[in-house]
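Breakdown of the fold
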Amino acid sequence: MLVLNDVTKKFGNFTALENINLEFNHGVYGLLAPNGAGKTTLIKMLVTLLFPTKGEILYNGAEITSLDEEYRDILGYLPQEFGYYKNYTPEKYLMYLAALKGLNKKEADKRIQELLRTVGLEEVTRKKMKKFSGGMIQRVGIAQAMLNDPKILILDEPTAGLDPKERARFRKLLTHLSHDRIIILSTHIVSDVESIANEIVMMKNNTILYNDTVSNINNTLAGSIFETEVPFSDVERFRDNYQIISERQDQEHMTIRFITNDQADEKWTSVTPTLEDVFLYVYEDDQTLAGRVS
Amino acid sequence: MKHNARDIPFLNESSKQREISTIITNGLDPKASFWSYLANMYKQVGFRFMFKDFAEILFTLLISIVIVLAFILSSMDYMDTQNVNLYTIIFIWSPVTYLLMAYLFFLNQKKKTTYEVEMTCKYNLHQLAAFRMLAFSVVSMIINGLFIYALNFQHDLNFLYAFLLSSSSLFLFALIFLYVQLHTKTRASKIILLTIWLSSNLLASYYNTNLYMNVLQQIPFYVYGVMAIVSIILYVKNLKEMLLVKKMKGLI
C-alpha cells in the first residue's frame, strides 16, 4: 500500500501541492487534471525524483526515501518526456535499463522479447530508435516501465503520441496487469482512464478535489446534465445563460449538452453524466480548457 | 484455568536486550558493506553499461592530454624553462584528468532526457557515479604516474616524491570536489572550485615562485604520503555518503 500523508511541495514561494492525502492499493488509479495542475510534481515525488517539503510518502509503512533502492526495485516509471539514446536499438536500450534495474542477462533477454511483442515492436527490435515515430518511442517507454515486473507502475501521460488502436491495446494491457499491482496513470485525456480506472483522483487548486470511483464522481452531477435542440438563431442567447459542455451541429438546429441546476424545461432531456462532463464542469475556469468549454 | 503469576519466567534485562537484538538482526535485511555493494553492482550492471560512454571518456582523456602538452609546450616559448617547476605543474594538473572523467559524465548525463528514467532504476546514476568516481580516481592516479615516469626521462625528477605529490593533490581535490558536489546543487559552485584551484595555484607559483616552491618542496615525503592516505580515506567516506545521503535531498 502506498500512502501520502499531508504532503506539501513548495518551490521557493510557490506552492505546487498542498496537504495531499492519498492511499493507493492494487488497481488502476487515474490522476486526472488539466496540464499544470501539479500531476507531474505529484508523480515525481512518488518516484523519488522530488521530495516533499512537508509530509511523508510511505510504502507498506516505510518512508520511500529510506527504502531507497528497495523501493526503486519495485517501481516502473514512464516520464512525461521519455528520453532515449538515438543510436540505440530498443533491444539494446532495454538491455541497458534492465541492467540498471538489476535483472540478469538471461532473465532480461527473455523479458525484453516478451515485452517488445506485447507493445507490438517485435519487428523492429534491432532498428535504431532515431528512425522511430513518436508512438513507437512511447511504446518503448511503456515496455521499459514494465521491465522489472513492478509492483508500482507509474505512467505520466502514457498515451501521448499513440493512435486509437494503440491506446485501446494499452488500456487492455493495463487492465490485465492491474490485479496484483498499483498502477497510477496521469493524464488529461478523460477517455484514457474512464473505462479502466478503479478510482479517479482529480486535482484542483494544488490539492485533491475528488478521490473516488468514476460512478461516484459522475453522480456529483446527477440531475444537472441535459441535452436540448436549439435553433441557430437562439444559440448565442443559450450560450450566455448556460454552461455548455458540448455542441453538435445538425441540419436545422444545434444539439447542445449543458449543465444547469434550474428547473428542467420540457424540451430538455436529462442525460447521465459522464466523467468528461465532470471534468469540463470542474475545470470550467481553467485557461487551458477555455477553448474546449466555450 | 488458573494461572499463577509466579510461574511466568520473566526475562532479566540482559536477556531482554539479547532477545531484542536477535529479533532486529533476523528481522532486518543485512546491509551490504560499501565495497561488496559496489562489487555486486558491477557484477549486475557490467562493464559494458557501467562505462557505456567508454569511447567518449577515452576521447576526452586524449584531448585533455593534448591540451596539457600544448599548454606546457607553448608556455615554454614565453617563460624561461629553467624556472618552470615541474612539481608545480604536477600538483596543479593532477586533479584535472580526474575531473574531466568524473564530472563531465555527470554533467552530460543530467542534460540528457534519459536522466529521469535512469534515476528511478534500482541502480541509479548516483550509485553508478560513486563506482565510476572511484575507478576514475585510480585511473587518474595511474595516468599521472605514467606521465611523471615519462617526464622522468627528460628531467631531473624524484619519481616517488612527484608521484606522492600528484596523488595527494588528486585525492585532496577529489575530496573537496565531492564535498561541494554533496552539499551544493549549482553547477557554478563546481566551476568556481576548479577556477579557484587552478588560478590560486598558478598565481601563487607565478607571483611568488620561491615561496610556492618552498612550501611545495619543503613538505617532507611522509607528509605527502599521510596527506594522500587521509584524503583517500575521507574520499571513500564521502563516496559512501554520496550513496546514502543523496537520496535524502532530492535528485532533481
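Since we're looking at a predicted model, the values are computed, not measured.

**Concerning the overall build of chain B**
Regarding its fold elements, chain B presents ten helices and zero strands. Helices and strands appear in chain B in the N-to-C order α-α-α-α-α-α-α-α-α-α. Within chain B, buried positions represent 27% of all 252 residues. Partitioning the contacts of chain B with sequence separation of at least 6, the portion at a separation of at least 24 is 80%.

**Let's talk about the nonpolar core**
In terms of nonpolar packing, the biggest core is built from 123 residues, with A:Tyr29, A:Leu97, A:Ile154, A:Ile184, A:Ile200 and B:Ala174 touching the most fellow members. Counting residues per element, this core draws most heavily on helix H7 (residues 159–183) of chain B, which supplies twelve residues. Here this core spans two domains, since at least three of its residues come from each of domain 1 (2–218) and domain 2 (222–282) of chain A. When near neighbours in sequence (up to four residues on either side) are disregarded, A:Tyr29 contacts A:Phe24, A:Ile183, A:Ile184, A:Leu185, A:Ala197, A:Asn198, A:Glu199 and A:Val201.

**Thoughts on the confidence of the model for chain A**
Looking at chain A, the pLDDT average stands at 89 and 97% of residues meet or exceed 70. Ignoring residues within four places in sequence, the model shows residues 289–294 of chain A, a span with pLDDT below 50, making seven contacts including any to other chains.

**Remarks on the UniProt feature "transmembrane region" (unreviewed entry) in chain B**
Per the UniProt annotation, the sites labelled "transmembrane region" (unreviewed entry) are residues 54–74, 86–107, 128–153, 159–179, 191–209 and 221–239 of chain B. With 100% helix and 0% strand, the stretch residues 128–153 of chain B has end C-alpha atoms that lie 38 Å from each other.

**Quick look at the domain arrangement of chain A**
All names here are of chain A. Entries for chain A in the domain assignment read domain 1 (2–218) and domain 2 (222–282). Here the C-alpha centre of domain 2 lies 36 Å away from the C-alpha centre of domain 1. In this complex, domain 1 contributes ten residues to the contact, which on the side of domain 2 involves seven residues. Mapped by element, the contributors of at least two residues to the side of domain 1 that touches domain 2 are helix H8 (190–194), strand E9 (199–204) and helix H9 (214–219). Of the residues contributing to the side of domain 1 that touches domain 2, the split by class is seven nonpolar, one polar and two charged.

**Regarding the interface of chain B and chain A**
Taken residue by residue, the interface counts 23 residues in chain B and 25 residues in chain A. Contributions of two or more residues to the side of chain B that touches chain A are made by helix H2 (34–50) and helix H5 (115–119) of chain B. Here the side of chain B that touches chain A gets five residues from one element, more than from any other, and that element is H5(B).

Analysis parameters
Sequence order sets the numbering: in each chain, residues are counted from 1 along the sequence as written. Working convention: letters from A go to chains and numbers from 1 go to ligands, in the order in which they are written. Where local features are concerned, this predicted model is filtered to residues with pLDDT of at least 70; where side-chain atom pairs are given and counted, the filter is 80 or more; whole-chain, interface and lining totals use all residues. Segments assigned H or I by DSSP are reported as helices when at least four residues long, segments assigned E as strands when at least two residues long, and all are numbered from the N terminus. Exposure classes come from backbone-placed C-beta atoms, where a residue is buried if 20 or more other C-beta atoms lie within 10 Å of its own, exposed if 12 or fewer do, and partly exposed in between. A pair of residues counts as a contact when their C-beta atoms, built from backbone coordinates, are within 7 Å of each other. Structurally, a nonpolar core is described as a collection of buried Ala, Val, Leu, Ile, Met, Phe, Trp, Tyr and Cys residues joined by way of C-beta atoms within 7 Å. Domain start and stop positions are those given by an automatic or database domain assignment. Every residue is assigned a pLDDT by the predictor, reflecting its confidence on a scale from 0 to 100. UniProt positions are given in the numbering used here, feature names are shortened, and annotations may be inferred rather than shown by experiment. Residues are grouped as follows: nonpolar covers Ala, Val, Leu, Ile, Met, Phe, Trp, Tyr, Cys and Pro; charged covers Asp, Glu, Lys and Arg; every other residue, Gly included, is treated as polar.

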